[in-house]
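The lines below spell out each chain.
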Amino acid sequence: MTWNSSDVEKGASLHKAIKDDLFTFDLAGNSGWQAHTPESSPRPVSRWKAGNAQATEQGMVVTGGDAYTPRTLHHRYKHDVWLLRYPDMEWEEAVVNTSAPMPKKRRGHSTMLYKGEDGVDKIILWGGRTKGQKVLLNDAWEVALTWPNASWTQLTPQQLDSKAVPKPRRGHSTVLIDDAPSPQMLMYGGREEVEYFPDMWILDIKAKTWREVNQSGPLPPHRDHHSAAYYEGRLFIWAGHSGSTYSDAKPVNDLWAFDMGSGTWQQIPQHPPVPLPRFEQAYAQYTPPGGSQGSKLIIFGGQTEQVCQLNDVWELDLDSLQWLMLSAPRFCTRKCRKSFGGA
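Here the structure is a predicted model, which means the values were calculated and not measured. Within each chain, residues carry numbers counting from 1 in the order of the written sequence. It should be noted that, the model being predicted, local features are given only for residues of pLDDT at least 70 and side-chain atom pairs only at 80 or more, the latter also being counted only at that level, while totals for whole chains, interfaces and linings use all residues. To obtain the side-chain values, all non-hydrogen atoms of the structure were used and water was disregarded.

Caption draft 1: The overall build of the protein chain, seen in detail. Along the protein chain, the regular secondary structure elements total 1 helix and 27 strands. For a compact globule of 343 residues, the expected C-alpha radius of gyration is about 20 Å, and the protein chain comes in at 19 Å, within 12% of that figure. C-alpha atoms of the protein chain, sized along the principal axes, occupy 55 × 50 × 45 Å. Only protein chains enter the area calculation, which uses a 1.4 Å probe; residues under 20% of their type maximum are buried, those over 50% are exposed, and those in between are partly exposed. For the protein chain, with 343 residues in total, the buried portion stands at 50%. Each helix corresponds to a stretch of at least 4 residues labelled H or I by DSSP, and each strand to a stretch of at least 2 residues labelled E; elements are numbered beginning at the N terminus. For a compact globule the rule gives 2.2 Å times the number of residues to the power 0.38, and the radius of gyration it is set against comes from C-alpha atoms.

Rendered as structure tokens:
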């Protein structure tokens, strides 16, 4: 499932389009993409760099992001919460108690879904950047989803100079450590305005405390806007925008695995076919029905070299670590077709 995208015109620093179209991709059959036009009103304003997570048995939740007006310099950062119900494909905005504390409006943050001990779906929001003074954030918030209600709780405050929490950042990844005795969130990578972060941290959600994870072995190159998945005691990261600083960063397509038990990284060899280097791709981890096929990482789109936008779909089997192309890219410019082939 995908919602919203943007075409980026680097030279003018403007987005040609922030879309609010809605598509689903059939992973079980051969029907490919299907467009949907929700009938309900209202619906979320189109945006990019929002947080989204798959809410169990309900649908896709969208929180915050940059509601950028196309061909203008007008930004509207958000902190609203929306649910796209599945399979009805209808939007519903959460009823939030605005008199209680709420997270700052932001973009470039992460969201991670988990189920609380009370059986309620909850999403952890962390990091990102504000509008205006463009303040980088490292506060952590939890929103409990009891539709149509959503209740925010701050887990950890903004802390700029503390060594006991990760530094403020954007473009990082967060995943649930699903084999821990209590809910824990694993955070990796990201960047400030110029430099990239190679560190990794664990948030103990119940205790509301952070601890840094020691890493050994050859470390992955620093990056942001990568894909991440946690499976059988290992964190997998793939692709992203990588460099020592933002000015020398470029799209990559390397695959790495971090073993939580030994604390070591290993670069995973990839055998063709392999997706093009990219960053800002959408991704999701899922287990096919029946559970006999293990876990998969699905990636969609992103931006590769020469500011070429992508719309291909790939599946990485997290057992065999082999890629499968589900939908080939279709480039919208002659330059990109010439450089990378495809339709």
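Caption draft 2: Structural context of a nonpolar patch on the surface. A cluster of nonpolar side chains, namely Leu-27, Leu-324 and Leu-326, defines an oily patch on the protein surface of about 230 Å² accessible area. Residue position: Leu-326 is located in strand β27 (residues 323–327). A patch consists of residues whose relative accessible area exceeds 30% and which take part in no salt bridge; residues with like charges are grouped when within 9 Å of each other, and nonpolar side chains (Val, Leu, Ile, Met, Phe, Trp, Tyr) when within 5 Å. Shrake-Rupley sampling with a 1.4 Å probe provides the accessible areas, and residues are treated as covered by the protein chains on show and by no other component. Just to be clear on terms, a salt bridge is a Lys or Arg side-chain nitrogen sitting within 4 Å of an Asp or Glu carboxyl oxygen.

Caption draft 3: Structural view of the sheet that holds strand β16 (residues 184–188). When DSSP finds two or more bridges between a pair of strands, those strands are recorded as paired. Taken in spatial order, the 4 strands of this open sheet run β15-β16-β17-β18, and their pairing is antiparallel. Unpaired on one side and paired on the other, β15 (173–176) and β18 (209–212) mark the two borders of the sheet. The mean inter-strand angle of the sheet, taken between neighbouring strand axes irrespective of direction, is 25°. Examined bridge by bridge, β16 and strand β17 (residues 200–204) share 5 bridges and lie antiparallel to one another. Each residue of the ladder has a partner; that of Gln-184, found in β17, is Asp-204. To obtain each axis, a line is fitted to C-alpha atoms, and for helices this fit is confined to the stretch in contact; angles are then taken between N-to-C directions over 0 to 180 degrees.

Caption draft 4: Quick peek at the state of the cysteines. What counts as a disulfide here is a pair of cysteine sulfur atoms lying within 2.5 Å. The full count for this structure, using the stated rule, is 1 disulfide. Covalent S-S linkage joins Cys-308 and Cys-336, the inter-sulfur distance amounting to 2.0 Å. Disulfide Cys-308 to Cys-336: torsion about the S-S bond roughly -95°, handedness left-handed. Of the two residues, Cys-308 sits in the loop between β25 (296–303) and β26 (309–317) while Cys-336 sits in helix α1 (residues 334–340), which places them 28 residues apart along the sequence.

Caption draft 5: The arrangement of the side chain of Ser-227 in detail. Relative to the helices and strands, Ser-227 resides in strand β20 (residues 227–231). Pairing of N or O atoms within 3.5 Å defines a polar contact, subject to two protein rules: one partner must be a possible hydrogen donor and the other a possible acceptor, and residues neighboring in sequence count only if both atoms are side-chain atoms. Of the polar contacts made by the side chain of Ser-227, one reaches the side chain of Gln-281; its length is 2.9 Å.

Caption draft 6: Fine view of the packing of aromatic side chains. Classification of ring pairs uses Phe, Tyr and Trp, with its six-membered ring standing for Trp, and accepts pairs whose centres are within 6.5 Å; under 30 degrees between planes counts as stacked, over 60 as edge-to-face, and the remaining range as tilted. Per the stated rule, a full pass over the model turns up 12 aromatic pairs. Consider the rings of Trp-141 and Trp-152, whose centres lie 6.4 Å apart with planes at 85°: the pair is edge-to-face. Taken as a pair, Trp-141 in strand β13 (residues 140–146) and Trp-152 in strand β14 (residues 149–156) lie far apart in primary sequence, 11 residues in all. When its relative accessible area of 4% is taken as the criterion, Trp-141 is described as buried.

Any functional reading would require information beyond the geometric quantities listed.
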